[in-house]
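Close look at the chain arrangement
Here's the letter readout for the chains.
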Amino acid sequence: MATDATPPKQSLPLVVECEESKEDVTLPTLTEWRQAAAGMPQRPPSPSADRADWIPREYALMSQDELDQRIRAAKAQLGDRLVILGHHYQRDDIIQYADARGDSFKLAQFAATRRQADYIVFCGVHFMAESADILSAPHQCVILPNPTAGCSLADMANIAEVEKLWGVLDERYRDETAAGSLQSVIPVTYINSAANLKAFCGRNGGAVCTSSNAAQVMQWAFARGKRVLFFPDEHLGRNTALKLGIPEERLVVWNQREEGGGIEDAQALLDAKVILWKGWCSVHLRFTVEQITAARERFPGVRVVVHPECRHEVVAAADLSGSTEYIIKAVQESPAGAVWAIGTEVHLVRRLAQEHPDKTIFCLDPIACPCPWMYRIHPAYLAWTLDELVKGHVVNEVTVDDETAKWARIALERMLATKGA
Ligand code: 13P
Ligand code: SF4
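Just so you know, these numbers come straight off a predicted model, no measurement behind them.

Side note on the site of ligand 2
Every residue near ligand 2 is listed here: Val125, Cys151, Ser152, Leu153, Asn192, Cys281, Val283, Glu345, Cys371, Trp373 and Met374. Its residues assigned to classes, the shell around ligand 2 comprises eight nonpolar, two polar and one charged.

Next up, the structure:
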């Protein structure tokens with residue numbers, strides 16, 4: 001609450017958010033279209049295209065009030081058998097039902113330690129639910145209300161491409177491996193990746209990291225290897241390496257879409273300290289240095305904090321950078337009257353603005369759009385999956401096969417042993 005001592009809250013002229021989609025119209029229409037399309041020829045699958053987006057039409061037509069009543073009733077009926085996890089980028093009308101909210105590190109920790117619930121309903125994206133399945137106990141069942149809530153960054157690396165690069169590196173470093181005591185290269189995958197890529201890291205002496213412990217995991221890797229192969233986010237990899245003092249000229253980008261990774265200089269892979277995969281988050285690439293300049297002109301004294309998935313020039317121009325949990329902490333710990341321009345997903349930014357009415361908080365991007373993948377978790381999907389659980393049916397369960405899970409768990413446990421910030 002604002003107090004008398006609190007300066008009046010300024011209007012937020014930098015925020016001109018895009019209009020929310022008219023889901024009351026699109027959800028039923030999509031449901032109809034899917035039914036009609038079921039008999040039509042299918043397109044070749046993309047990494048996440050085999051995951052079906054379907055809900056019964058009655059749920060697509062339900063009013064917000066009815067969905068709310070159903071979700072609350074199902075939660076009450078399932079009691080301690082159910083836990084709902086919500087990532088910070090989820091919309092408010094999902095977050096309101098979450099028993100725990102967090103960034104990807106905190107939610108992975110939660111899944112690894114809370115053994116009492118039979119059902120973990122993960123309101124986030126697919127790779128997070130997979131990690132929860134790997135880390136949770138065998139009796140626990142992980143559910144992603146809409147299985148097509150993927151992540152375009154995670155989809156930018158697949159196992160065939162990564163193994164192809166690994167083969168190239170193996171050949172390039174073969175002589176060196178025989179001579180040295182450290183491994184030539186340690187694979188580190190951002191948690192935003194498929195389970196089989198996490199398993200690849202586990203099998204090859206590597207680890208998973210999140211945006212909250214990427215620097216610590218990279219240091220862990222350098223204690224074991226001469227180089228780090230970091231995928232799939234080029235920007236998090238670069239920001240982390242530069243933060244650790246590795247010069248830009250020792251970073252090399254492997255472009256999986258080009259022959260030979262687009263690397264012409266044969267020496268480059270030998271000289272590299274970090275090999276970066278050419279992947280990016282389309283949400284975080286919206287943030288620019290020009291937006292930071294505009295925010296500073298408009299609000300002298302503004303503090304700028306951005307997520308490390310942003311380009312390095314944006315991270316360098318900001319006052320602070322860190323994971324979503326780090327951003328929340330920075331805002332929480334700032335004094336009343338503080339002004340924040342934030343470079344991360346708009347639902348989190350809006351929520352922070354609502355929860356801190358004594359501070360001025362706005363999204364750095366004046367035309368901020370939400371993460372389209374996180375946004376796929378709509379209350380209609382949540383209501384349907386919970387109603388089915390009440391009836392004893394599990395729908396939209398996320399499972400990882402035992403062999404993949406065994407190796408991915410090793411890489412994830414290395415991540416959990418390295419504290420998040
Ligand atoms: P966090 O690790 O900060 O939760 O970020 C996850 C993510 O998807 C960022 O885009
Ligand atoms: Fe993926 Fe970016 Fe969305 Fe995070 S914000 S889930 S990295 S697309």
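Continuing now.
Side note on the site of ligand 1
By nearness alone, every residue bordering ligand 1 is listed as Asp103, Ser104, Asn192, Thr210, Ser211, Cys281, Glu309, Ser323 and Thr324. For the shell around ligand 1, a count of residues per class yields one nonpolar, six polar and two charged.

What to know about the nonpolar core
Of all hydrophobic cores here, the largest spans 121 residues; its most connected members are Phe122, Val188 and Ala207. Ranked by the residues each element gives to this core, the list is headed by helix 16 (residues 379-390), at seven residues.

Overview of unusual backbone geometry
With omega at -5°, the peptide bond leading from Phe231 into Pro232 counts as cis. Inspection of the secondary structure puts Pro232 in the loop between strand 7 (225-231) and helix 10 (234-243). We note that Asn396 has phi near 60°; this positive angle belongs to a residue other than glycine.

Thoughts on helix 15 (residues 346-355)
Buried residues dominate helix 15, accounting for seven of its 10 residues. Among the residues making up helix 15, those that are buried are Val346, His347, Leu348, Val349, Arg350, Leu352 and Ala353. In this fold, the buried residues of helix 15 make contact with helix 14 (324-332), strand 12 (339-343) and strand 13 (360-363).

Observations regarding the sheet that holds strand 13
Think of a sheet as strands paired side by side through backbone hydrogen bonds, with each pair either parallel or antiparallel. Across the sheet, four strands lie side by side as 11-10-12-13; this open sheet has parallel pairing. Each edge of the sheet is formed by a strand with only one pairing partner; in this case those strands are strand 11 (320-321) and strand 13. As defined by bridge partners, strand 12 adjoins strand 13 across four bridges and the pair is classed as parallel. Paired with Trp340 across the two strands is Ile361, which belongs to strand 13.

Thoughts on the environment of Lys406
Topologically, Lys406 is positioned in helix 17 (residues 402-417). In this structure the C-alpha to C-alpha distance between Lys406 and Leu135, which are 271 residues apart in sequence, comes to 9.9 Å.

What about the packing of helix 6 (residues 126-135) against helix 17?
Look at helix 6 against helix 17: their axes get within 9 Å of each other, and the N-to-C directions meet at 100°. Taken as axis vectors, helix 6 and helix 17 run roughly perpendicular relative to one another. On helix 17, the residues that touch Ser131, Ile134 and Leu135 of helix 6 are Ala405, Ala408, Arg409 and Leu412. Of the residues contributing to the contact of helix 6 with helix 17, the split by class is five nonpolar, one polar and one charged.

Some details on the sheet that holds strand 9 (residues 274-277)
Spatial strand order, 6-5-7-9-8: five strands in an open sheet with parallel pairing. In the strand order of this sheet, the two ends are held by strand 6 (207-209) and strand 8 (251-254), each with one partner. Geometrically, the sheet is characterised by an average inter-axis angle of 25° between neighbouring strands, direction not taken into account. Two elements, strand 7 and strand 9, share three bridges in a ladder whose sense is parallel. Residue pairing across strands places Val228 opposite Val274, the latter belonging to strand 9. Taken strand by strand, helix 8 (residues 195-203) contacts strand 5 (183-190) and strand 6, and its axis lies near 155° from that of strand 5.

So, how was this worked out
Residues numbered from 1 in each chain as written. Chains lettered and ligands numbered in written order. Predicted model: local features only at pLDDT ≥ 70, side-chain atom pairs only at ≥ 80, totals over all residues. Near = placed C-beta within 6 Å. Nonpolar A, V, L, I, M, F, W, Y, C, P; charged D, E, K, R; others polar. Core = buried A, V, L, I, M, F, W, Y, C linked by C-beta atoms within 7 Å. Buried ≥ 20, exposed ≤ 12 C-beta atoms within 10 Å, placed from the backbone. Helix = DSSP H or I, 4+ residues; strand = E, 2+ residues; numbered from the N terminus. Contact = placed C-beta atoms within 7 Å. Pairing = 2+ DSSP bridges. Axes fitted to C-alpha atoms, helices over the stretch in contact; angles between N-to-C directions. Parallel < 35°, antiparallel > 145°, perpendicular 65-115°, else oblique.

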